[in-house]
There are 2 protein chains.
Amino acid sequence: MSTTRTPSGPQDFTREGGSTMIGARLRRLSERIDGDAGRIYAESGIAFEQRWMAPMRLLSLHGPLSVREIAAALGISHASVSQARLSLHKARLISWTTDPTDARSRKLHLTASGRRMVERLAPIWSALMAAAIELDAEAEGTVAALERLDRALQRSSLYDRASAHLRRQTRA
Amino acid sequence: MSTTRTPSGPQDFTREGGSTMIGARLRRLSERIDGDAGRIYAESGIAFEQRWMAPMRLLSLHGPLSVREIAAALGISHASVSQARLSLHKARLISWTTDPTDARSRKLHLTASGRRMVERLAPIWSALMAAAIELDAEAEGTVAALERLDRALQRSSLYDRASAHLRRQTRA
DNA sequence: GGTATATGCGTAGGCACCTACGCATGTCAA
DNA sequence: TTGACATGCGTAGGTGCCTACGCATATACC
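Report on the accompanying structure. (Residues numbered from 1 in each chain as written. Chains lettered and ligands numbered in written order. Predicted model: local features only at pLDDT ≥ 70, side-chain atom pairs only at ≥ 80, totals over all residues. Heavy atoms only, no water.)

1. What about the interface of chain A and chain B?
Logical step 1: Between chain A and chain B, the residue contacts involve 85 residues of the former and 84 residues of the latter.
Logical step 2: Interface area, chain A with chain B, both sides summed: about 8400 Å², of which 62% is carbon and sulfur.
Logical step 3: Across the pair Asp34(A) and Arg27(B) runs a salt bridge whose closest N-O atoms are separated by 3.6 Å.
Logical step 4: Where chain A meets chain B, there are 27 residue pairs in polar contact (both at pLDDT 80 or more).
Logical step 5: The element best represented in the side of chain A that touches chain B is helix α2 (residues 19-43) of chain A, accounting for 20 residues.
Logical step 6: Taken together, the residues that form the side of chain A that touches chain B break down as 40 nonpolar, 22 polar and 23 charged. (Contact = heavy atoms within 4.5 Å. Buried area = accessible area lost by both parts, 1.4 Å probe. Salt bridge = Lys/Arg side-chain N within 4 Å of Asp/Glu carboxyl O. Polar contact = N/O pair within 3.5 Å; in protein donor to acceptor, adjacent residues only side chain to side chain. Helix = DSSP H or I, 4+ residues; strand = E, 2+ residues; numbered from the N terminus. Nonpolar A, V, L, I, M, F, W, Y, C, P; charged D, E, K, R; others polar.)

2. Details of the pattern of salt bridges
Logical step 1: Throughout the structure, instances matching the rule amount to 26 salt bridges over all chains.
Logical step 2: Linking Glu147(A) and Arg25(B) is a salt bridge whose minimum nitrogen-to-oxygen distance equals 3.4 Å. Pair noted here: Glu147(A) is in helix α7 (residues 142-155) and Arg25(B) is in helix α2 (residues 19-43), and the two residues belong to different chains. The burial state of Glu147(A) is the same as that of Arg25(B); both residues are buried.
Logical step 3: The salt bridge partner of Glu147(B) is Arg151(B), with a shortest N-O separation of 3.6 Å. Here Glu147(B) and its partner Arg151(B) are both found in helix α7 (residues 142-155), four residues apart, which amounts to about one turn of the helix.
Logical step 4: With a relative accessible area of 15%, Glu147(B) lands in the buried category.
Logical step 5: Here the residues in one salt-bridge network are Arg25(A), Arg32(A), Glu147(B), Asp150(B) and Arg151(B), joined through shared partners. (Buried < 20%, exposed > 50% of the residue type's maximum accessible area, 1.4 Å probe, protein only.)

3. A short note on the environment of Ile33(B)
Residue and element names in this part refer to chain B.
Logical step 1: Within the element layout of this structure, Ile 33 appears in helix α2.
Logical step 2: Residue classification places Ile 33 among the buried positions, given a relative accessible area of 0%.
Logical step 3: Sequence separation between Ile 33 and Ala 132 is 99 residues, and the spatial gap between their C-alpha atoms is 9.5 Å.

4. Thoughts on the protein's contact with DNA strand D
Logical step 1: Close contacts around DNA strand D come from 27 residues, with Ser77(A), Arg68(B), Ser82(B), Arg104(B) and Arg106(B) the closest.
Logical step 2: Those atoms of DNA strand D that come within 4 Å of the protein belong to sugar or phosphate at a rate of 58%.
Logical step 3: Contact between DNA strand D and Arg68(B): a phosphate oxygen at 2.6 Å from a main-chain N or O atom of the residue.
Logical step 4: Here a phosphate oxygen of DNA strand D sits 2.4 Å away from a polar atom, N or O, in the side chain of Arg106(B). (Near = heavy atom within 4 Å.)

5. Things to note about the protein's contact with DNA strand C
Logical step 1: As a structural note, the neighbourhood of DNA strand C is formed by 27 residues, with Arg68(A), Ser82(A), Arg104(A), Arg106(A) and Ser80(B) the closest of them.
Logical step 2: Between a base nitrogen of DNA strand C and a side-chain N or O atom of Gln83(B), the distance comes to 3.2 Å.
Logical step 3: Broken down by secondary-structure element, the contributors of at least two residues to the surface near DNA strand C are α2, α4 (67-74) and α5 (78-90) of chain A together with α5 (78-90) of chain B.
Logical step 4: If you tally residues by element for the surface near DNA strand C, the top one is α5(A), at five residues.
Logical step 5: Looking at side-chain class alone, the surface near DNA strand C contains five nonpolar, nine polar and 13 charged residues.

6. Details of the relation of the copies chain A and chain B
Logical step 1: Superposition of chain A onto chain B requires a rotation of 180° combined with a translation of 0.0 Å along the rotation axis, giving an RMSD of 0.0 Å. Here the symmetry operator amounts to a two-fold rotation axis.
Logical step 2: When the interface residues of chain A are mapped onto chain B, 99% of them again lie at the interface, so the same face is used by both copies. (Least-squares fit on C-alpha atoms with pLDDT ≥ 70 in both.)

7. What about the pairing of strand β3 (residues 106-110) of chain A?
Residue and element names in this part refer to chain A.
Logical step 1: Here strand β1 (residues 65-66) runs beside β3; their pairing, made up of two bridges, is antiparallel. Looking at β3, one finds that Leu 65 is bridged to Leu 108.
Logical step 2: Bridging between strand β2 (residues 94-98) and β3 involves five bridges; their strand directions are antiparallel. Residue pairing in the sheet places Thr 97 in a bridge with Lys 107 of β3. (Pairing = 2+ DSSP bridges.)

8. Here we look at the packing of aromatic side chains
Logical step 1: Applying the stated rule across the entire model yields six aromatic pairs over all chains.
Logical step 2: Both rings, one in Phe48(A) and one in Trp52(A), keep their centres 5.4 Å apart while their planes meet at 85°; by these two values the pair is edge-to-face. For the residue pair Phe48(A) and Trp52(A), the accessibility class agrees, reading buried in each case.
Logical step 3: Three or more aromatic residues link up through ring pairs in this structure, and these residues are Tyr41(A), Phe48(A), Trp52(A) and Trp125(A).
Logical step 4: It is Arg85(B) that lies over the ring of Trp96(B); its NZ or CZ is 4.4 Å from the centre. (Phe/Tyr/Trp six-rings, centres within 6.5 Å; stacked < 30°, edge-to-face > 60°. Lys NZ or Arg CZ within 6 Å of the ring centre and 35° of its normal.)

Structure below.
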């Protein structure tokens with residue numbers, strides 16, 4: 001490090017800045033974890049996108065499911081599921097049929113190849129699960145902390161909170 | 001919700017899947033927080049990218065700084081800083097000079113317009129900071145939990161942990 | 001039956017980062 | 001001085017989501 005090193009240090013600076021501090025750290029940790037998982041697949045010689053894991057697991061346990069159902073189960077937007085659907089289809093891991101009760105809806109299911117992939121990935125997923133549990137324990141409750149954050153945001157979003165503070169400032 | 005609702009429920013499913021469970025939640029929370037912050041700027045009629053906040057604050061406190069120094073201070077890649085630099089420049093918020101002691105390096109600084117923007121945004125940043133602190137308290141230690149996770153990952157990455165579990169499986 | 005509203009989901013563009021690669025410059029050792 | 005290695009950073013492509021928009025279909029109500 002050069003002599004022009006910031007006085008507060010790299011970690012200390014991310015401690016400042018409010019929402020950036022939380023949002024940025026969340027994102028960076030997420031990128032790190034996604035990257036690590038991706039490396040496990042790559043090392044095993046398997047062309048696999050990390051974002052495929054949750055929908056594939058869900059379909060193997062509970063399929064067939066519609067885009068909306070998958071989105072709801074995973075807590076993500078239907079648009080994300082729709083986009084993942086295309087890449088999963090291209091990889092021949094899923095296919096779909098039109099829902100006979102609703103022409104707007106499609107029921108996604110694993111292909112035979114998709115089911116084989118799920119079986120092939122079972123040891124890797126099991127290892128990733130074990131690693132995550134170990135990590136959670138070592139970090140003393142990451143998942144619980146994220147749930148508490150989630151609930152706090154549901155009670156009142158960062159937007160609502162910041163808006164309230166801004167109004168208070170305006171009035172002071 | 002339709003009758004084909006997954007038996008384990010949306011929140012329950014993200015509880016499964018190991019690294020996905022942590023990585024995906026981190027990302028989603030990060031998106032939510034970034035989105036909320038973006039809304040505050042937009043509502044104030046200010047065209048501002050959330051990713052500009054940290055570098056601009058840093059430059060206002062400690063500038064001028066090189067791409068590498070900013071990256072180190074913020075804990076992100078130089079490539080990210082380099083990319084943000086272009087958009088910040090386009091918005092006339094920063095400019096740079098070549099470092100006289102190292103021809104490869106450029107020293108970024110806020111423009112006059114950038115300094116005015118920092119002043120203009122001070123109340124918003126202050127509100128976002130207050131909101132984040134409130135959120136952290138209400139969620140009972142988000143930042144502390146993220147730090148513990150960060151340290152746990154530094155001790156041993158998810159990749160290393162999962163690899164070890166895979167080797168254990170292979171031997172069992 | 002007709003109209004207004006709700007719902008499912010595809011598509012486009014965007015976000016804030018990442019890694020990989022490569023060029024230019026700086027440093028160090030022989 | 002020269003060659004090997006390190007460092008700064010630009011560029012490209014990619015990640016896994018997001019929101020906005022819009023079309024088609026379903027539902028509710030009069």
